[in-house]
Amino acid sequence: MTQKRSAGLLLFRTAPADEGIEVLLGHMGGPYWEHKDDGGWAIPKGEYEADEAPLDAARREFTEEIGLPPPEGPYLPLGELRIPGGKLVTIWAVRADLDPALMVPGTFTMEWPPHSGRTQEFPELDRVAWFTPPVAESKLIPSQIPFLERLLGLQRG
C-alpha cells in the first residue's frame, strides 16, 4: 500500500494595525462540514503522488483549492506531520496577502445524500478567511494546529 501524502501552503500577513500576523484558512466544503465552524477550517492542501515534489504539489493544490495562482516565496518549511488516518502532511508558510473575495474554489463530486444514487458537486473549500492565531487555533481541524504553532515559533524566533 502506498503512503498517502498531502502538501499545502499556509499564507500569513501582517495583521491590521501591525498587531502580529493573520493566517489564511479555508472552510472545508461539502455537506459534512456545512454547519461546522470551530474545527471545520483547514490549511489549503491536497494529495500528491510519490513522483511529484512536495512543494510543487503544495503550489498546485493551492491553485486547485483556491482558484488563484500560489504566491511567490520565499517558502518557510513548517515540516511534516502524520495525521490520524496515517497520511503524511507537509506544509510551507509564505508571506502574502490575498483577497478572500477573489477565491474560485475547486470542486469534488460525491454521492449525496448517502445511498441515494445521486451525485452532487461541492466546493473543496466553500470560503477562505484571515484569522489571528488565537482564533485560527479554534477554527483549525486539530491535526493541523501544530503547523500554526510552528509558524508562530518562526515568527518569535
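Before reading on, note that the structure itself is shown above.
For every chain, the first residue of the written sequence is number 1, and numbering continues from 1 onward in sequence order. Reporting of local features is limited, given that this is a predicted model, to residues whose pLDDT is at least 70; pairs of side-chain atoms are given and counted only at 80 or more, and all residues count toward the totals for whole chains, interfaces and linings. Side-chain descriptors were evaluated using all non-hydrogen atoms of the structure, hydrogens and water having been removed beforehand.

A closer look at the pairing of strand 2 (residues 21-28)
Each residue is placed in one exposure class: buried if its accessible area under a 1.4 Å probe, protein chains only, is under 20% of its type's maximum, exposed if it is over 50%, and partly exposed if it falls in between. Numbering of helices and strands runs from the N terminus; a helix is a DSSP stretch of H or I covering at least four residues, while a strand is a stretch of E covering at least two. With eight of eight residues buried, strand 2 lies mostly within the body of the structure. Examined bridge by bridge, strand 1 (residues 5-14) and strand 2 share three bridges and lie antiparallel to one another. Each bridged residue has a counterpart across the sheet, and for Thr14 the counterpart in strand 2 is Ile21. Strand pairing follows a simple DSSP-based rule, namely that at least 2 bridges must link the two strands. Once strand 1 ends, the chain turns through six residues before running back antiparallel as strand 2, passing Ala17 with a positive phi of about 65°. In this structure, strand 2 lies alongside strand 9 (residues 125-131), joined through six bridges in antiparallel fashion. Considered in strand 9, the bridge of Met28 is made with Leu125. With two bridges connecting them, strand 2 and strand 3 (residues 41-42) associate as antiparallel partners. Among the inter-strand pairings, Gly26 is bridged to a residue of strand 3, identified as Ala42.

Points about unusual backbone geometry
The general pattern is negative phi for most residues beyond glycine and trans for most peptide bonds. Following Gly73, the chain continues into Pro74 via a peptide bond in cis, with omega recorded as 10°. With respect to the secondary-structure elements, Pro74 resides in the loop between helix 1 (54-66) and strand 5 (75-82).

Some words on the side chain of Gln144
Relative to the assigned elements, Gln144 resides in the loop between helix 2 (133-139) and helix 3 (145-156). Of the residues examined, Gln144 reaches a relative accessible area of 2% and is grouped as buried. Distance and chemistry together define a polar contact, namely a pair of N or O atoms within 3.5 Å, with one atom able to donate a hydrogen and the other to accept it when in protein, and with adjacent residues in sequence counting only for side-chain atoms on both sides. Only 2.7 Å separates the side chain of Gln144 from the backbone nitrogen of Ile43, close enough to count as a polar contact. We call two residues in contact when some of their heavy atoms are within 4.5 Å. Not counting residues up to four positions away in its chain, the partners in contact with Gln144 are Ala42, Ile43 and Lys45.

With respect to the packing of aromatic side chains
Only centres within 6.5 Å qualify two rings of Phe, Tyr or Trp (six-membered ring in Trp) as a pair; their planes then separate them into stacked at under 30 degrees, edge-to-face at over 60, and tilted for everything else. Applying the stated criterion across every chain, the model contains three aromatic pairs. A centroid spacing of 5.4 Å and a plane angle of 80° characterise the contact between Tyr32 and Trp112, whose relative ring orientation is edge-to-face. With Tyr32 in the loop between strand 2 and strand 3 and Trp112 in the loop between strand 7 (107-111) and strand 8 (119-123), this residue pair connects regions lying 80 residues apart in the sequence. Residue Trp112 is classed as partly exposed on the basis of its relative accessible area of 23%. Their ring planes at 85° and their centres at 4.9 Å tell us that Trp41 and Phe131 sit as a pair that is edge-to-face.

Remember, this is a structural readout, not a statement about activity or role.
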